[in-house]
Amino acid sequence: MNLIASVDADWGIGYQGQLLCHIPEDMRWFKEHTTGKVVVMGRATLESLPGGRPLPQRVNIVLTADNNFFAPGCTVVRSPEQLLEELERYASDDIYVIGGASVYALLMPYCHYAYITKVEQRFPADRHLANLDQQPGWSLVSVSEEHQHEGLSYRFCRYQNDLSPEE
Ligand SMILES: NC(=O)c1ccc[n+]([C@@H]2O[C@H](COP(=O)([O-])OP(=O)(O)OC[C@H]3O[C@@H](n4cnc5c(N)ncnc54)[C@H](OP(=O)(O)O)[C@@H]3O)[C@@H](O)[C@H]2O)c1
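These numbers were taken from a predicted model, which means no experiment stands behind them.

Would you mind going over the overall build of the chain in detail, with residue names and values included?
For the chain, the helix and strand inventory stands at four helices and twelve strands. Against the 2.2 N^0.38 benchmark of 15 Å for 167 residues, the chain shows a C-alpha radius of gyration of 15 Å, consistent with a compact globule. A buried classification covers 32% of the 167 residues belonging to the chain.

Laid out in structure tokens, this is it:
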């Protein structure tokens, strides 16, 4: 299982229900990695997508505790147990956990790789990802050169979790 996220210098990922910044190349990177795959998200992240609609050309799995929540084009699961059972239907390599904070925290121990776009700047943030540089089992395995967009500097990083079930 994989995790994919963009973080700022403090590992912030969101503010008031939205992303911290928009970097077109990062959007393309996300699309390239996840198209044709299975994306797993929390209900709030689904609602943050354009029009609150699922991502095209992907299997969209959405976690909620609300029995009355239905989302066209999505597989809705209503507990972590039901989510893990649903994910057993897919090859682990094909699964991408796309957020937000609560779903990252829930599934991080099951993820073997994390694709992290690290933005050098700091933003106001009310949602964070655990700092993978300090998480037991996780190590940084590759870092791109620095990229720039409208005054923002960022790098594409890949982390590996040696404590995940795949090991
Ligand atoms: N930077 C990035 O890469 C990135 C990626 C994705 C999202 N984000 C940002 O992250 C923020 C959203 O994150 P978030 O943590 O607030 O929301 P989230 O994880 O997207 O969704 C939270 C919702 O998921 C459901 N949920 C979570 N754990 C559950 C459990 N154990 N059992 C049942 N349902 C559960 C609940 O839905 P119900 O309330 O319906 O029960 C909960 O309210 C936004 O600002 C978004 O833009 C950033």
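Moving on from the model shown.
Now, about the site of the ligand: what can you tell me, with residues and values included?
G14, G42, T45, G99 and G100 are the nearest of the 28 residues found near the ligand. When contributions to the shell around the ligand are tallied by element, the ones reaching two or more residues are strand 1 (2-7), strand 2 (12-15), strand 3 (18-19), strand 4 (38-42), helix 2 (43-48), strand 7 (95-99) and helix 4 (101-107). Per-class residue counts for the shell around the ligand are 13 nonpolar, twelve polar and three charged.

A description of the sheet that holds strand 3 should follow, citing residues and the corresponding values.
Strand order in the open sheet formed by three strands is 3-2-9, with antiparallel pairing between adjacent strands. Of all the strands in the sheet, the pair left with one neighbour each is strand 3 and strand 9 (127-128).

Quick rundown of the environment of S48? Include the residues and the values.
By the element assignment, S48 lies in helix 2. A residue is classified by how many C-beta atoms lie within 10 Å of it, and S48, with 17 of them, is partly exposed. For the pair S48 and D10, spaced 38 residues apart in the sequence, the C-alpha separation amounts to 21 Å. Residues in contact with S48, not counting those within four places in the same chain, are G17 and Q18.

For the nonpolar core, give the residues involved together with the corresponding values.
Judged by nonpolar contacts, the single largest core of 37 residues is most densely connected at L3, A5, V40, V97, Y104 and L107. Of all elements in the fold, only strand 1, strand 4, strand 5 (59-63), strand 7, helix 4, strand 8 (113-119) and strand 12 (152-161) reach the threshold of two or more residues within this core. If sequence neighbours within four positions are ignored, L107 has contacts with M1, V40 and V97.

Lay out unusual backbone geometry with the relevant residues and their values.
A cis amide bond, omega 0°, links G99 with the succeeding residue G100. Tracing the backbone shows G100 in the loop between strand 7 and helix 4. Here the phi dihedral of W11 falls at roughly 65°; this positive angle occurs in a residue that is not glycine. Considering the arrangement of structural elements, one finds W11 in the loop between strand 1 and strand 2.

A description of the pairing of strand 5 should follow, citing residues and the corresponding values.
Of all five residues making up strand 5, four are buried, and the element is well covered by its neighbours. As defined by bridge partners, strand 4 adjoins strand 5 across five bridges and the pair is classed as parallel. By the bridge assignment for strand 5, V38 is matched with V59. Note on the crossover from strand 4 through helix 2 to strand 5: the handedness is right-handed.

Mind laying out the pairing of strand 7, listing which residues take part and the relevant values?
Of all five residues in strand 7, five are buried, a share of seventy percent or more. Judged from the two bridges that link them, strand 1 and strand 7 form a sheet pairing that is parallel. Residue pairing for strand 7: L3 is matched across the bridge by V97. Pairing geometry for strand 4 and strand 7, over four bridges, is parallel. Across the sheet, V40 pairs through a bridge with V97, a residue of strand 7.

Thresholds applied
- Residues numbered from 1 in each chain as written.
- Predicted model: local features only at pLDDT ≥ 70, side-chain atom pairs only at ≥ 80, totals over all residues.
- Helix = DSSP H or I, 4+ residues; strand = E, 2+ residues; numbered from the N terminus.
- Rg over C-alpha atoms; globule rule 2.2 N^0.38 Å.
- Buried ≥ 20, exposed ≤ 12 C-beta atoms within 10 Å, placed from the backbone.
- Near = placed C-beta within 6 Å.
- Nonpolar A, V, L, I, M, F, W, Y, C, P; charged D, E, K, R; others polar.
- Pairing = 2+ DSSP bridges.
- Contact = placed C-beta atoms within 7 Å.
- Core = buried A, V, L, I, M, F, W, Y, C linked by C-beta atoms within 7 Å.
- Right-handed = clockwise from strand over helix to strand, strands pointing away.

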